[in-house]
Amino acid sequence: MGGPCRLRLEVTTRGAADTAIAAAVSEVRRLELKYSRYLADSLTSAINRSAGTGTPVSIDAETAGLLDYANTAWRESGGLFDLTSGVLRRAWDFKSARAPEQRDIESLLPLVGWEQVQWERDSVYLPRRGMELDFGGCVKEYAADSAAAQLRRHGVSAALVDLAGDMAATAAPSGAPGWPVGIRHPVSREQAVARVLLPEGGLASSGDYERCLVIDGTRYGHILHPRTGWPVRGLVAVSVLARQCLVAGSAATIAMLKPPGEALEWLANLGVPWLAIDADLAMHGTLAPVNAPAR
Amino acid sequence: MARPKDDRNASLLALTSSALLLPAYQCAQADAPPEFTELGMRYSKYDEDDILARKAFGGGSERYEIDVAQFHLLAPVADQWSVALDVAWEDMSGASPWFVGESASGSPKVIMSGASIEDTRTEVSGTTRYYYDRGNAGINYTYSDEDDYTSHAVAVDGAFNSEDGLTTYSAAVSTSHDNIDPTQGSIPTNTLNARKDINSVWMGVTRIVSKRALLRFGLSYTYRDGFLTDPYKGDDRRPDERKEWAASTGYRHFFEAPNAALHVDYRYFNDDWDVESHTVDVAWEQNLPQNFRVTPFIRYYTQQEAEFFYNIEEPGYEHFSDDYRLSAFGAFSYGLRLRHDFGNWSVNFDAERYKTDESWGIYSGEESPGLVDFWRYGFGLDYIFR
């Protein structure tokens, strides 16, 4: 799941905890094996391999549900949230401080476009060879929620699932209003810019200052715009709290893809707790500590 | 404390409703077998109030009481099956109305059977259920035995979920073959041995109407055939056939802020004996900290009398009954259910008061002197092997 994961739970007996933990861990593993684009035998790899071959790939109800969800996020973001945009990473090398040739980017752009994806309840098909679906933009968050649901089903009264910063809580631990969680500082990663108490629901963050690219003195984030193929020059980091970690994650991603002013307004209208850090490391949002710049 | 607010924004609402269709958020996994074996035990008591002196010949008297002990076991078998075993023991004692006579003042009064009834009933019921992708199907056999009555019943039911998982269609059929063999005691019985068959079909639809609300509808038809007369009531002569229809609907709404659910249910019943009834149930299921749940509830019931119900028998009628259960009346019951979960254990307690009166009903009719008020209370303990 691309980072350290941890479970915190409150249980009455050790035996109950073991079964619950095993169920949660295997749920996360199940989703990783199913949707990882790095694993050759994952469903995602099968879908991507069949792109342009004329043969759709069979999918189950869960995958159809994720595609439906991705479609909603695509529509609500005005086309910014796009599971097909991952292919643009082929042109960008974030380790070097160099922009790719514009023609390399342009050659990839026809492969991006959610509207091209053909999917039914039981199958999905990418019509162009080289097109790719990347569930990375939603599966980690979904896995946090799903692992939390497993813990709940196994009778764990209160639990916090943390998948590399994407969190889902089932209920607050007894005697406390919520699980204390920190939102990482975008620059000094070990430091928290804000602390929140998460009673139940999800907290997801997007943004990584370290992985940015500076070209001709301009800072670019690592999130690529699906239409230009260039990194967006938006906010540096966004964290959102919502009932589901999945929804929190998409809201944070959509905010990262929007121009900063528009993103802040969109987040403010969402009606959920949020925190955004702009390129000047100024903090915005309902979770922003008062008088405490991230610098 | 940072608590996510209600989903009011249109984008958030769209994302949330789309997310909730995913399997991880379908907390009611109706179509997976239970993951663990569950064991439950329960004791309950049904206790009728004494009949008032002014309503019975020979002064006030004790009525019926029933002690019930129940045992329940539900276990998963393989990946897609479950089996359940339910056993109940009932111990019944007391007196019940024998017949209604006219007092010197002209008002009808009940003659009680005397505290002579003493019976025990044992019921054993086994169910196996198969779970498939979008539904489940079960078959149940129930055998019930008491001194004067045996019953064998078989029921088959199935449920099917729509593709979006928001609608569930269910149906059931059942058949029961009963043998009545009244014990011969101090009062004469209406038969020495008789049979009756009960066949019924039921179908229902449940729809998740929003993230927090659920609506259901059901329709049922029951056909009873055979000896439907009460063997112990004086001069009871009922038709040997009864066709019953019932329609029901229910609404559940979960309220986030109080962490509670409102249940409202309504049932309409009609049969060819001219009995018609309405039932309204309202319950408030309140979740409390530390895994406590308290549910106050209230129920209103009203029925129209059967076409052959009279307190005092008129000679010449083919059918006759003075059974208060076939008279016109209205009834209120109210009570409380308490539940507490801790670890793998769950304890529950409930109490219900039922009071009835002819004047509370919406149908007019002769008031039966036999109408009953009762208390019911129970205590149960459940354990999950996980």
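I will try to describe carefully the structure that is included in this document. (Residues numbered from 1 in each chain as written. Chains lettered and ligands numbered in written order. Predicted model: local features only at pLDDT ≥ 70, side-chain atom pairs only at ≥ 80, totals over all residues.)

Sheets are built from strands that pair by backbone hydrogen bonding, the pairs being arranged parallel or antiparallel. All names here are of chain A. Spatially, the three strands line up as an open sheet ordered β2-β4-β3, and their pairing is antiparallel. The open sheet is flanked by β2 (57–58) and β3 (118–119), the only strands paired with a single partner. As judged from the two bridges shared by β3 and strand β4 (residues 123–125), these two strands associate in the antiparallel manner. Paired with Gln118 across the strands is Tyr125, a residue of β4. (Pairing = 2+ DSSP bridges. Helix = DSSP H or I, 4+ residues; strand = E, 2+ residues; numbered from the N terminus.)

Between chain B and chain A, the residue contacts involve 26 residues of the former and 41 residues of the latter. At seven residues, the largest contribution of residues to the side of chain B that touches chain A is made by helix α1 (residues 10–19) of chain B. (Contact = placed C-beta atoms within 7 Å.)

All names here are of chain B. Here strand β12 (residues 241–255) pairs with strand β13 (residues 260–271) via 12 bridges, running antiparallel. Among the inter-strand pairings, Gly250 is bridged to a residue of β13, identified as Asp265. The turn joining β12 and β13, which pair antiparallel and follow one another in sequence, is formed by four residues; a positive phi near 55° is taken by Asn259. Alignment of β13 against strand β14 (residues 276–288), held across 11 bridges, turns out to be antiparallel. Of the residues in β14, the one forming a bridge with Tyr268 is His278. A loop of four residues connects β13 with β14, the two strands running antiparallel in sequence, and Asp274 in this loop sits at a positive phi of about 75°.

What follows covers the environment of Asp323 of chain B. All names here are of chain B. Relative to the helices and strands, Asp323 resides in the loop between β15 (292–303) and β16 (329–342). Each C-alpha atom of the pair Asp323 and Lys233 lies 7.7 Å from the other, and the pair is 90 residues apart in sequence. Setting aside anything within four residues of it in sequence, one finds Asp323 in contact with Asp230, Lys233 and Asp236.

The tendency in soluble globular proteins is for nonpolar side chains to be buried as a group. The biggest cluster of nonpolar side chains holds 97 residues, and the ones touching the most others in it are Val161, Met167, Val240, Ala248 and Ala255 of chain A. Here the element with the most residues in this core is helix α6 (residues 245–257) of chain A; it accounts for 10 residues. When we break this core down by domain, the ones giving at least three residues each are domain 1 (43–133) and domain 2 (177–295) of chain A. Non-local contacts of Met167 of chain A, meaning those with residues more than four positions away in its chain, are made with Ala144, Leu160, Val161, Asp162, Val181, Leu198, Gly202, Leu203 and Cys245 of chain A. Core analysis: the next-biggest nonpolar cluster, separate from the first, contains eight residues, Ile51, Ala95, Trp98 and Met112 of chain B among them. (Core = buried A, V, L, I, M, F, W, Y, C linked by C-beta atoms within 7 Å. Buried ≥ 20, exposed ≤ 12 C-beta atoms within 10 Å, placed from the backbone. Domains from an automatic or database assignment.)

The next thing to look at is helix α3 (residues 61–76) of chain A. Given a rise of 1.5 Å per residue, 16 residues ought to cover 22 Å, and the 22 Å separating the end C-alpha atoms of α3 of chain A matches this to within 8%. Each element contacted by the buried residues of α3 of chain A is listed here: α2 (43–49), β3, β4, α5 (139–153) and α6 of chain A together with α1 of chain B. (Expected span 1.5 Å × (residues − 1).)

Another point: the environment of Asn199 of chain B. Residue and element names in this part refer to chain B. Within the fold, Asn199 resides in strand β10 (residues 194–210). Take Asn199: there are 14 C-beta atoms within 10 Å of it, and that puts it in the partly exposed class. Measuring from C-alpha to C-alpha, the distance between Asn199 and Asp225 comes to 8.5 Å, with 26 residues separating the pair along the chain. Ignoring any residue separated from it by four or fewer positions in sequence, one finds Asn199 in contact with Thr175 and Tyr223.

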